[in-house]
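The residues making up each chain are set out below.
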Amino acid sequence: MSGPAPGGYVVGTAGHIDHGKSTLIQALTGIDPDRLEEEKRRGMTIDLGFAHLTLPSGRLVGIVDVPGHARFIRNMLAGVHGLDAVLLVVAADEGVMPQTVEHLQIVDLLEVGRGLVAITKVDLVEDEWLELVTAEVAETLARTCLREAAMVPVSAPSGQGLDRLVRQLDDLLAAAPPRPDRGRPRLPVDRVFTISGFGTVVTGTLVDGSLRVGQEVELQPSGRRARIRGLQQHNRRVEVALPGSRVAANLVGVEKEDLGRGEVLARPGTVVATRRLDARVRVLAGGPGLRHGAQVLVHAGTAEVSGRAIVLGGEEIEPGETGWVQLYLNRPIAAVAGDRYVLRLPSPQVTVAGGTFVDVAPRRHHRHDPRVGESLERRAAGEVLQEELRKHPRGITAAALLQASQAGEGDLGRLQARRAGQWLFAPEAWEALAARARRALESYHRAHPLRPGMPREELKSRLGLAPPAFAAVLGELIRDRVVVDREGEIALPTHRVEIDAGAAGRLLEVLGASPFAPPSLPEALRASGATEEVVRALVRRGDLVRLSEDVVFTRAAYEAAVALVREMVAEQGSVTVASLRDRMGASRRPVLALLEHLDAQRVTRRVGDARVLR
Ligand SMILES: Nc1nc2c(ncn2[C@@H]2O[C@H](COP(=O)(O)OP(=O)(O)OP(=O)(O)O)[C@@H](O)[C@H]2O)c(=O)[nH]1
Ligand SMILES: [Mg+2]
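The text that follows walks through the structure, step by step, so that each part is easy to find. (Residues numbered from 1 in each chain as written. Chains lettered and ligands numbered in written order. Predicted model: local features only at pLDDT ≥ 70, side-chain atom pairs only at ≥ 80, totals over all residues. Heavy atoms only, no water.)

As for the overall build of the chain
Part 1 of the argument: Regarding its fold elements, the chain presents 17 helices and 33 strands.
Part 2 of the argument: Counting only C-alpha atoms, the chain reaches 120 × 60 × 45 Å along its principal axes.
Part 3 of the argument: Burial analysis of the chain (614 residues in total) assigns 51% to the buried set.
Part 4 of the argument: Taking as baseline every contact in the chain between residues at least 6 positions apart, the subset at least 24 positions apart corresponds to 66%.
Part 5 of the argument: With the model as given, the accessible surface of the chain reaches about 28000 Å², and the carbon-plus-sulfur share is 49%.
Part 6 of the argument: Each charge class in the chain can be summarised by its mean position, and for the 80 positive and 77 negative side chains these summaries are 6 Å apart. (Helix = DSSP H or I, 4+ residues; strand = E, 2+ residues; numbered from the N terminus. Buried < 20%, exposed > 50% of the residue type's maximum accessible area, 1.4 Å probe, protein only. Contact = heavy atoms within 4.5 Å. Areas by Shrake-Rupley, 256 points an atom, 1.4 Å probe, with all protein chains shown as cover. Lys, Arg positive; Asp, Glu negative; His and termini not counted. Charge placed at Lys NZ, Arg CZ, Asp CG, Glu CD.)

Right under this line is the structure:
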């Protein structure tokens with residue numbers, strides 16, 4: 001059931017300078033992630049590097065290789081968003097060093113949660129030393145979200161341990177949950193370049209939704225519009241890029257000079273830029289703490305923006321504590337609630353805290369108003385509710401949702417949901433449902449062009465909804481004019497019954513040739529080449545009137561016959577099969593069918609052998 005994700009996975013390296021991150025990636029993938037001339041000259045990674053790998057299971061993994069040098073930590077920070085797992089690299093000869101710790105802190109603040117440790121350069125140390133280093137790494141990991149990460153000793157020159165590392169990575173990713181598709185794709189840009197003949201290309205790790213060739217997109221915070229001309233994943237062209245993978249998008253309508261890190265490519269109008277954000281913050285233990293009013297560097301996605309931290313409900317958040325802050329930025333960033341971020345202090349340059357944005361469009365708060373913290377708590381709980389809602393693509397009742405997420409009734413107010421009766425749907429789930437209904441009806445109309453629509457029961461099973469949910473959903477879909485109700489069946493608003501004019505014309509001609517004594521329906525069908533389906537459609541359109549299984553009149557003949565019956569009843573008081581047959585010059589069969597039909601229509605009433613008008 002849980003095969004590799006179709007879109008792929010993204011893994012990032014982490015670790016101190018010179019510990020062998022890039023060498024390991026090259027040994028694993030055959031791709032040198034150090035692509036800059038300066039990197040080659042200086043023998044170190046300066047900016048993010050990229051490679052990719054197919055694991056034994058078939059999993060496609062995009063790799064982001066980060067620099068270890070403390071001076072390039074901002075580049076590292078641009079590479080760690082949206083990772084499925086982190087590959088922490090610690091050199092056996094040096095052990096845990098400052099950026100081992102700092103990278104780990106960052107990974108921990110971003111809650112990457114899944115990781116693997118490569119102890120590199122084992123060819124340079126004795127076994128006892130390796131044991132000491134392994135113990136030291138385990139102790140360092142113990143206080144972080146990577147406490148359960150496996151450690152694999154490797155050596156790049158000899159290839160020792162590489163197979164095991166690859167297998168461990170495969171196992172690790174097998175346990176990774178599928179990336180959520182929230183119907184709101186975002187690609188925080190981490191690289192921009194031009195390819196002659198193609199123009200501007202941006203790359204990044206795609207989250208929250210998929211992108212498609214031909215789509216109109218918007219870049220935020222700049223607000224520039226562009227169109228996707230082409231997409232690539234791991235150097236292969238794709239029509240659709242799925243969330244949770246490395247993506248290169250070739251854009252029409254923007255220049256390289258207009259773009260850079262911090263821009264987020266998204267569908268127009270789906271992501272806004274903001275300078276004020278409310279956030280839950282965790283301050284690192286052993287650091288300086290976070291004072292009210294502190295100047296900070298905010299790293300989120302691939303953006304880095306300076307601003308001020310307004311501590312809510314106190315003067316300082318102490319090392320090791322959590323609290324609430326309002327971040328007021330010098331420039332807007334494109335973020336959504338639920339995004340993770342890291343705070344650094346500009347001088348001395350140190351990673352101090354991180355957490356989750358809870359509100360990306362907040363007001364200014366009274367710092368000491370206790371209600372602010374409470375309302376943020378509730379908002380954060382709303383996120384929990386939203387998360388829970390996303391797990392139910394076929395809808396969930398409000399009561400069940402509250403129970404599943406342990407939230408209160410009041411939290412429903414902030415929930416972004418589509419309501420259908422008692423049922424709630426995440427906006428993207430609703431969109432998907434409407435799209436499924438549209439697709440099902442499109443193909444139904446194609447297969448049955450003469451039917452007014454699809455029976456409700458069939459649509460219900462196509463949508464896979466529980467009966468009470470279906471009734472509510474259908475009501476909403478009709479209200480939205482996604483679908484319409486045609487004589488109790490469900491159709492697309494654009495569906496018109498298009499009767500095969502040739503066959504229909506011939507049928508009307510055959511039946512109209514002797515209007516009161518038409519051939520039986522099977523004969524008429526044979527003579528005209530029309531089908532039962534055409535008959536039903538002509539009856540629905542009013543061109544034919546069906547009197548019995550095998551007697552069908554044209555509308556004109558029917559109306560004339562009814563007029564004749566009325567006239568005869570007016571003249572003679574009643575009408576019999578025999579008298580009507582004589583006047584119509586028809587055989588008994590159609591006349592009988594006509595009178596029985598008129599009885600059933602409650603136009604006439606039978607009295608003995610005769611009929612009178614009702
Ligand atoms: N003996 C030995 N040397 C290694 C091994 N792995 C890497 N090296 C050497 O260590 C040095 C640094 O390796 P890099 O891969 O550039 O290290 P890095 O972690 O990418 O460094 P930054 O990107 O600058 O943080 C290079 O000279 C490598 O050849 C190993 O397993 N054994
Ligand atoms: Mg490197």
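Picking up where we left off.
Digging into the coordination of the magnesium ion (ligand 2)
Part 1 of the argument: Around the magnesium ion (ligand 2), the protein supplies S22 (OG) and T45 (OG1) as donor atoms, at distances of 1.9 to 2.0 Å. One end of the pair, S22, is in helix α1 (residues 21–29); the other, T45, is in the loop between α2 (37–42) and β2 (49–54), with 23 residues separating them in the sequence. Considered together, S22 and T45 belong to a single accessibility category, that of buried residues. (Donors = N, O, S within 2.8 Å, 3.2 Å for Na, K, Ca; no water.)

Digging into the site of ligand 1
Part 1 of the argument: Near ligand 1 there are 18 residues, and of these K21, T23, T45, G68 and D123 occur at the shortest range.
Part 2 of the argument: Between ligand 1 and K21, the relevant distance is 2.8 Å, taken from an oxygen atom to a side-chain nitrogen or oxygen of the residue.
Part 3 of the argument: Contact between ligand 1 and T23: an oxygen atom at 2.4 Å from a side-chain N or O atom of the residue.
Part 4 of the argument: Relative to its free-state accessible area of 640 Å², ligand 1 is covered by the protein chains to the extent of 79%. (Near = heavy atom within 4 Å. Polar contact = N/O pair within 3.5 Å; in protein donor to acceptor, adjacent residues only side chain to side chain.)

Quick notes on the packing of helix α16 (residues 577–584) against helix α17 (residues 588–600)
Part 1 of the argument: The interhelical angle for the contact between α16 and α17, taken along N-to-C directions, is 120 degrees, at an axis separation of 9 Å. Looking at the two axes, α16 sits oblique to α17. Judged by the twist between their axes, the crossing of α16 over α17 is right-handed. For the pair formed by α16 and α17, the contact residues are V577, L580, R581 and M584 on the first element and R588, V591, L592, L594 and L595 on the second.
Part 2 of the argument: Taken together, the residues that form the contact of α16 with α17 break down as seven nonpolar, no polar and two charged. (Axes fitted to C-alpha atoms, helices over the stretch in contact; angles between N-to-C directions. Parallel < 35°, antiparallel > 145°, perpendicular 65-115°, else oblique. Left-handed = near helix turned anticlockwise from the far one by under 90°. Nonpolar A, V, L, I, M, F, W, Y, C, P; charged D, E, K, R; others polar.)

As for the packing of aromatic side chains
For any pair of aromatic rings, the description consists of the separation of the ring centres together with the inter-plane angle of the planes.
Part 1 of the argument: On inspection of all chains with the given rule, the structure shows three aromatic pairs.
Part 2 of the argument: A centroid spacing of 5.4 Å and a plane angle of 65 degrees characterise the contact between F425 and W430, whose relative ring orientation is edge-to-face.
Part 3 of the argument: The exposure class of F425 is buried, given its relative accessible area of 0%. (Phe/Tyr/Trp six-rings, centres within 6.5 Å; stacked < 30°, edge-to-face > 60°.)

Digging into the environment of H19
Part 1 of the argument: Looking at the element boundaries, H19 is found in the loop between β1 (9–14) and α1.
Part 2 of the argument: Relative accessible area serves as the criterion here: at 0%, H19 is assigned to the buried category.
Part 3 of the argument: Residues contacting H19, with those up to four places away along its chain left out, are V89, V90, A91, E94, G95, M97, T100, T120 and K121.

Let's talk about the side chain of D47
Part 1 of the argument: Following the sequence through the fold, D47 ends up in the loop between α2 and β2.
Part 2 of the argument: Among all residues touching D47, those that are not within four sequence positions of it are R35, L36, E39, D65, P67, N75 and R261.

Observations regarding the pattern of salt bridges
Part 1 of the argument: Applying the stated criterion to the full structure yields 36 salt bridges.
Part 2 of the argument: Taking the shortest distance from any N to any O, the salt bridge between D108 and R282 comes out at 3.2 Å. Of the two residues, D108 is situated in helix α4 (residues 98–109) and R282 in strand β16 (residues 273–283); the sequence distance between them amounts to 174 residues.
Part 3 of the argument: Of the charged contacts, one joins R583 and E567 as a salt bridge, the two residues approaching to 3.3 Å between their closest N and O atoms. Here R583 is found in helix α16, whereas its partner E567 is found in helix α15 (residues 555–572), with 16 residues between them in sequence. (Salt bridge = Lys/Arg side-chain N within 4 Å of Asp/Glu carboxyl O.)

Considerations on unusual backbone geometry
Part 1 of the argument: Of note, the bond from Q220 into P221 is cis; its omega dihedral lies within 30 degrees of zero at 10 degrees.
Part 2 of the argument: As for its position among the elements, P221 is in the loop between β10 (216–220) and β11 (224–233).
Part 3 of the argument: With an omega of -5 degrees, the peptide bond between S347 and P348 qualifies as cis.
Part 4 of the argument: Position of P348 relative to the elements: it lies in the loop between β22 (340–345) and β23 (350–359).
Part 5 of the argument: Unusually for a residue other than glycine, N235 sits at a positive phi of about 65 degrees.
Part 6 of the argument: In this structure, N235 sits in the loop between β11 and β12 (236–238).

Some points on helix α11 (residues 467–479)
Part 1 of the argument: In a regular helix each residue adds 1.5 Å, so 13 residues correspond to 18 Å; α11 covers 18 Å between its end C-alpha atoms and thus fits that length.
Part 2 of the argument: Looking at the buried residues of α11, the elements they touch are β25 (418–420), β26 (423–425), α9 (427–447), α10 (456–463) and β28 (489–491).
Part 3 of the argument: Where α11 ends, the next residue or the one after it, R481, has phi of about 60 degrees, a positive value. (Expected span 1.5 Å × (residues − 1).)

Things to note about the sheet that holds β26
Part 1 of the argument: Taken together, the three strands give an open sheet; going across it, the order is β24-β26-β25, and neighbouring strands pair in antiparallel fashion. With one partner strand each, in any of the chains shown, β24 (396–397) and β25 form the two edges of the open sheet.
Part 2 of the argument: Looking at chain direction, β24 and β26 are connected through two bridges and run antiparallel. When the bridges of β26 are listed, T397 appears paired with W423. (Pairing = 2+ DSSP bridges.)

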